[in-house]
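Descriptive structure summary
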4 protein chains.
Amino acid sequence: MAFEFTALRRVEFSDTDMAGIMHYSNFFRFMETAEHAFFRSLGFSIVMNHREPAVGWPRVHASCDYKRPLHFEDEVEIKLLIKEKRSKALTYLFIFSKLQPAGKIEVARGQLTVVSVMKDASGKMTACQIPAELAEKIEAAPPESLT
Amino acid sequence: MAFEFTALRRVEFSDTDMAGIMHYSNFFRFMETAEHAFFRSLGFSIVMNHREPAVGWPRVHASCDYKRPLHFEDEVEIKLLIKEKRSKALTYLFIFSKLQPAGKIEVARGQLTVVSVMKDASGKMTACQIPAELAEKIEAAPPESLT
Amino acid sequence: MAFEFTALRRVEFSDTDMAGIMHYSNFFRFMETAEHAFFRSLGFSIVMNHREPAVGWPRVHASCDYKRPLHFEDEVEIKLLIKEKRSKALTYLFIFSKLQPAGKIEVARGQLTVVSVMKDASGKMTACQIPAELAEKIEAAPPESLT
Amino acid sequence: MAFEFTALRRVEFSDTDMAGIMHYSNFFRFMETAEHAFFRSLGFSIVMNHREPAVGWPRVHASCDYKRPLHFEDEVEIKLLIKEKRSKALTYLFIFSKLQPAGKIEVARGQLTVVSVMKDASGKMTACQIPAELAEKIEAAPPESLT
């Protein structure tokens, strides 16, 4: 049962803005990068079009608290933790840390709540149970790992 | 004394993702668009490099709750309200609504907290009072306008 | 018969990079903005899903020559000209100019070739004639307007 | 003497658009990713702020020819080749290939011309010789490798 995953990423030039740091909206792109790599690590893709009906994962809440900036070419660790697992929704916690020779330093924390949905024939989306083959592989992280 | 501002924007093709809707990270770009237009409406730029020392506005918190998706070519109203005005920080509320012939419909709400900082000679940033010429033009929105 | 269109746009903070100027990839997003507004000006959307079968417009070539940088809050005119109209493809020329009190100044020129395609039942895309209702409204720009 | 470099990258959800494929502007972001990794492989950063005066690399030309689309989670090889090395400018060729179990398949080719510049005290940029420590490590690729 998986409850955490760690992705690595380097800040790119196009991630920065004229303030010389990573634009704040890009932390949300990085969260998704970690989420999708987490799915792949379990043998799935976030795009579950192979199922009938297809399952999607719209985002219903996203947030981020920024402590320190990230700069071009910084190496970033994005640690994903499952904060909450419900029958039709997942809430992730993301801890962003900058990797440095002297050790890593936390720069931001984000949170994302996603809901599993399926489309009916008319294209209308309805919340649905998290697909069983995925649900049985994941669990909420122990509370002490979230602090 | 200004406490609200309304920006309009159309969802572009490059704002969408393979789910056929605006990517969730782009709501954060749209928030900034409204913030910067609000500054311009008061005669300022968010980039206050003309001051000595220059004042910057790093983001310390960002969040968004998504209710309905936005699609390509949707016309979006982004209403900015000053939720809180402190001596060195501002918190904005953003109400995203889709404009339709039959009236507008709320699709998302976001929040952004920004801090005013100045850089010393060594480049170190320190929180500072919101520049007086700006502070005297803005005020917190009345609580009833935030609901 | 239309052969040109002018779109206006302001450079946003998230369009800039740490060099303090608009990131070069964003000129390609701006080209598309102008293209799609051009389609709307003719009563169409670039997303022709209302047709049966749906027609799409994949890009087969894109280029840009950069003469001067664009900065945050610059107002930009994007002039689209139809450089070539073929039965199944269009080539646009884009002239980017920065609007200034003293007049406008050209900053870049781009080019985009798009092909009209339709998808068969299996999802395979095949080049097709530009839909007649669109083709009859547009024509190639006179050569002298392209210089 | 280096004249080529290969970077790998996976197409992310935020790289896609509503057509279900990577947005065409993102190929230009990927080109830069390869360029900057190439610089790092030689012991440099594209951001040469450690030098006095600092050297920058504005882009003066960019182009891309698209043959096949890229999809979410595709693994992409970006092969960079130095097409031309001049005293103050470099032209790169980029060959994008999709990695598949059955072998790789070329999907696009891009080109980028960058100029080395330095800023004088007033901030004005002037083209300058490619810094010697970099110039002596790179050379143009043999013509046969460019086809």
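No experiment lies behind these values; they were computed from the predicted model shown. (Residues numbered from 1 in each chain as written. Chains lettered and ligands numbered in written order. Predicted model: local features only at pLDDT ≥ 70, side-chain atom pairs only at ≥ 80, totals over all residues. Heavy atoms only, no water.)

According to the stated counting rule, one finds one cavity of 30 Å³ or more in the structure shown. By volume, the largest cavity amounts to about 510 Å³. The wall of the largest cavity is formed by 30 residues, among which Asn26(A), Arg29(A), Arg29(B), Arg29(C) and Arg29(D) lie closest to the centre. When residues of the lining of the largest cavity are traced back to their parent elements, those giving at least two are helix H1 (26–41) of chain A, helix H1 (26–41) of chain B, helix H1 (26–41) of chain C together with helix H1 (26–41) of chain D. For the lining of the largest cavity, the residue count by class is one nonpolar, 20 polar and nine charged. (1 Å grid on protein atoms, 1.4 Å probe; cavity = no way out; pocket = protein on both sides within 12 Å on 5 of 7 lines; lining within 4 Å. Points joined across faces, edges and corners; volume = space filled by probe spheres on them. Helix = DSSP H or I, 4+ residues; strand = E, 2+ residues; numbered from the N terminus. Nonpolar A, V, L, I, M, F, W, Y, C, P; charged D, E, K, R; others polar.)

With 100% of its residues at a pLDDT of 70 or more, chain A has an overall mean of 95. In the model output, the complex is listed with pTM 0.97 alongside ipTM 0.96. (pLDDT = per-residue confidence, 0-100.)

So, on to the relation of the copies chain C and chain D. Of the two same-sequence chains, chain C is brought onto chain D (RMSD 0.0 Å, axial shift 0.0 Å) by a rotation of 180 degrees. Both copies of the chain, as the preceding transformation shows, are related through a two-fold rotation axis. For chain C, the smallest separation between a C-alpha atom and the rotation axis is recorded for Ser63(C), amounting to 2.0 Å. The overlap is high: 100% of the interface residues of chain C also sit at the interface in chain D, so the same surface is used on both sides. (Least-squares fit on C-alpha atoms with pLDDT ≥ 70 in both. Contact = heavy atoms within 4.5 Å.)

Each partner contributes to the interface: chain C provides 18 residues, whereas chain D provides 18 residues. Across the chain C to chain D interface the summed buried area is about 1600 Å²; carbon plus sulfur atoms make up 58%. The largest per-residue losses of area from chain C upon contact with chain D belong to Tyr24(C), Phe28(C) and Tyr66(C), which jointly make up 32% of the total buried on that side. Between the two partners, chain C and chain D, sit zero salt bridges. (Buried area = accessible area lost by both parts, 1.4 Å probe. Salt bridge = Lys/Arg side-chain N within 4 Å of Asp/Glu carboxyl O.)

What follows concerns the sheet that holds strand S4 (residues 75–85) of chain B. Overall, antiparallel pairing links the 10 strands, which are arranged S1(A)-S4(A)-S5(A)-S6(A)-S3(A)-S3(B)-S6(B)-S5(B)-S4(B)-S1(B) in an open sheet. Only two strands of the sheet have a single partner each, and these edge strands are strand S1 (4–10) of chain A together with strand S1 (4–10) of chain B. Along the sheet, successive strands turn relative to each other by an average axial angle of 20 degrees, direction set aside. With seven bridges joining them, strand S3 (residues 59–66) of chain B and strand S6 (residues 103–115) of chain B adopt antiparallel strand pairing. Residue pairing in the sheet places Cys64(B) in a bridge with Gly110(B) of S6(B). Against the sheet, H1(A) makes contact with S1, strand S3 (59–66), strand S4 (75–85), strand S5 (89–100) and strand S6 (103–115) of chain A together with S3 of chain B, and its axis sits at roughly 120 degrees relative to S3(A), the strand it touches most. (Pairing = 2+ DSSP bridges. Axes fitted to C-alpha atoms, helices over the stretch in contact; angles between N-to-C directions.)

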